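# Structural overview for review
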Amino acid sequence: MFPVARAAQSLVARGIQHTAVRQAHRKHAATFHDKYGTMILLGGAAMFSAVWGYVFTQLDVAWGFSPIRRVTPTEWRE
């Protein structure tokens, strides 16, 4: 390889290494998900639990493990 080409290649490689090291040590700015992600997740879980808790407590369902022999058919009206 020619000395000029080898020098140019090492300069390019050194520049790429410099850029990679600089970006690796740089602190990234907090994004929306970094700031609020956990709170939105917890808020969604609380809302989900509250809504389904309300639905389950307001439904008029006789809770049981098995519906066998608990459901009685009604007479057919003609």
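Sequence order as written defines the numbering, with residues in each chain counted from 1. A pLDDT threshold of at least 70 governs which residues receive local features in this predicted model, and a stricter bar of 80 or more applies before side-chain atom pairs are shown or counted, although totals over entire chains, interfaces and linings include all residues. For the side-chain quantities, the full set of heavy atoms in the structure was used; hydrogens and water were omitted.

As a reminder of what qualifies: UniProt positions are given in the numbering used here, feature names are shortened, and annotations may be inferred rather than shown by experiment.
As annotated in an unreviewed UniProt entry, the protein carries the name Cytochrome c oxidase subunit 7B, mitochondrial and comes from Nicator chloris. In its Subcellular location (unreviewed entry) section, the UniProt entry covering the protein states "Mitochondrion inner membrane". In its Sequence similarities (unreviewed entry) section, the UniProt record describing the protein reads: "Belongs to the cytochrome c oxidase VIIb family."

### Things to note about a nonpolar patch on the surface
Test applied: For patch detection, residues must exceed 30% relative accessible area and be free of salt bridges, and they are connected within 9 Å for like charges or within 5 Å for nonpolar side chains (Val, Leu, Ile, Met, Phe, Trp, Tyr). All accessible-area figures derive from a Shrake-Rupley calculation using a 1.4 Å probe, and residue coverage is judged against the displayed protein chains alone. Each reported salt bridge corresponds to a side-chain nitrogen of Lys or Arg within 4 Å of a carboxyl oxygen of Asp or Glu. A run of H or I in DSSP counts as a helix once it spans at least four residues, and a run of E counts as a strand once it spans at least two, with each numbered from the N terminus.
Together, M47, F48, V51, W52, F56 and L59 line one region of the surface with nonpolar side chains, adding up to about 630 Å² of accessible area. Mapped onto the elements of the fold, L59 is located in the segment after α2 (32-58).

### Quick notes on the UniProt feature "transmembrane region" (unreviewed entry) in the protein
Feature annotation in UniProt assigns "transmembrane region" (unreviewed entry) to the following positions: residues 36-55. Secondary structure content for residues 36-55 is 100% helix and 0% strand, and the end C-alpha separation is 28 Å.

### Here's the deal with the packing of aromatic side chains
Note the following rule: Between the rings of Phe, Tyr and Trp (Trp by its six-membered ring), a pair exists once the centres lie within 6.5 Å; its type follows the angle of the planes, with under 30 degrees stacked, over 60 edge-to-face, and the other angles tilted. Only protein chains enter the area calculation, which uses a 1.4 Å probe; residues under 20% of their type maximum are buried, those over 50% are exposed, and those in between are partly exposed.
The full count for this structure, using the stated rule, is three aromatic pairs. Geometrically, the ring pair formed by W52 and F56 is tilted, given 5.6 Å between the ring centres and 35° between the ring planes. With W52 and F56 both in helix α2 and four residues apart, this pair spans about one turn of that helix. The exposure class assigned to F56 is partly exposed, which follows from its relative accessible area of 44%.

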